[in-house]
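Here are the chains, one letter per residue:
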Amino acid sequence: MYHVVCRITLRPSILDPQGKAIHHALHDLGQTAVQGVRVGKRIELTIDAESEEAAREAASRACETLLANAVMEDFEVESATELEAA
Amino acid sequence: MARIAVLVFPGSNCDHDAYHAAKHVFGQDARFVWHKEESVGDADLVIVPGGFSYGDYLRSGAIARFSPVMKDVVRHAKEGGLVLGVCNGFQVLCEAGLLPGALMRNASLRFVCRDVHLRVENAETPFTNQAQVGDLLTVPVAHGDGNYTADEATLDRLEAENRVVFRYADADGQITPEANPNGSARNIAGVLGENGNVLGMMPHPERCVEAILGHGGADGAVLFRSALAHLGESVAA
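Okay, so let's go over this structure. Predicted model only: the values in this text are computed from it and were never measured. (Residues numbered from 1 in each chain as written. Chains lettered and ligands numbered in written order. Predicted model: local features only at pLDDT ≥ 70, side-chain atom pairs only at ≥ 80, totals over all residues. Heavy atoms only, no water.)

## Remarks on the state of the cysteines
Among covalent bonds in proteins, the disulfide is the one between the sulfur atoms of two cysteines.
Line of reasoning, step 1. Under the criterion given, the structure shown has zero disulfides over all chains.
Line of reasoning, step 2. In this structure B:Cys208 is a free cysteine whose sulfur lies 12 Å from that of B:Cys14, the closest cysteine sulfur available. (Disulfide = S-S within 2.5 Å.)

## Brief notes about the pattern of salt bridges
Think of it this way: side chains of opposite charge can pair up when their charged atoms draw near.
Line of reasoning, step 1. All chains considered together, the criterion is met by 21 salt bridges over all chains.
Line of reasoning, step 2. The residue A:Arg42 makes a salt bridge to A:Glu44 at a minimum N-O spacing of 3.0 Å.
Line of reasoning, step 3. The exposure class assigned to A:Arg42 is exposed, which follows from its relative accessible area of 54%.
Line of reasoning, step 4. The partly exposed category is assigned to A:Glu44, whose relative accessible area is 46%.
Line of reasoning, step 5. For B:Glu159, the salt bridge goes to B:Arg167, with nearest N and O atoms at 3.3 Å.
Line of reasoning, step 6. Its relative accessible area of 12% is what places B:Arg167 among the buried residues.
Line of reasoning, step 7. Look at the salt bridges and you will find they share partners, linking B:Arg119, B:Glu121, B:Glu152, B:Asp156, B:Glu159, B:Arg167 and B:Arg186 into a network. (Salt bridge = Lys/Arg side-chain N within 4 Å of Asp/Glu carboxyl O. Buried < 20%, exposed > 50% of the residue type's maximum accessible area, 1.4 Å probe, protein only.)

## Details of the interface of chain B and chain A
Line of reasoning, step 1. If you look at the interface, chain B gives 14 residues, while chain A gives 15 residues.
Line of reasoning, step 2. The junction of chain B with chain A conceals about 1,100 Å² of combined surface from both sides, 71% of it contributed by carbon and sulfur atoms.
Line of reasoning, step 3. On the chain B side of the interface with chain A, the three residues burying the most area are B:Leu58, B:Arg59 and B:Met104, jointly 46% of the side's total.
Line of reasoning, step 4. Seen at the junction of chain B and chain A, the total is one salt bridge.
Line of reasoning, step 5. Here A:Glu73 makes a salt bridge to B:Arg59, at a shortest N to O gap of 3.6 Å. (Contact = heavy atoms within 4.5 Å. Buried area = accessible area lost by both parts, 1.4 Å probe.)

Take a look at the structure:
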């Protein structure tokens, strides 16, 4: 069993109004060093697989079919960690 | 009498408006089709209604697009059957790949609920054949994720193939940034699928088909009249 973390982000060419609003809010708070904000999603999956590679593959498949929309989002399988048997 | 199937997902909330318009205002043979059903039957027109299917979890329309009934909607569309997706229905059709592009969070980050003016850009579609290019329709919008986006090449192709059916305009019919309620690319409010039989739009024509409701009156009726004319039906209203 693997704990797999997927990261889904808006494509660089897509404007991120939510990130922009957060950026403005941070500036209003005086945190003017922040030069840009992009908001994405982190999705954690628990996957029954024989190997780390198989777990990563299953996670990629989940991202391609449902978790990310290729029109506006990119995804990355960040990590896959084997879970201790209970 | 045209057979009109109105899909119902968990979280649909404009299904009854669409049914009412089809059945009571236009006197057609309308029926609800629950998303778990595997067929839309012999429907002439499938309406994918507005609402918040599956609570908009993950992305608007992302889960509904895998409901059992959607396979048959794709089949119906591929065979040339008419499909109208409104609001969440537009999002579902984009997620299902029947329409290009995607609907993102409104540029204002606010839910927008008001009347807008739509300029008819193509009056030779199954849904606008009773209108004229340049006609202004007053139709309500009510959405948080209506910001139409697609890559530049797709947008260029949509325009070249005359598949932008409606654009957000001001009261004089001018296409301006101020008239754009959600930040949609090129003020696009409604687009046609590549075979011309599938239309997705954020505004709600089914909510304005009766003059008694005021505002724009019955400007949404022209879509229903057009679809019925396309299907060879005489129109009751």
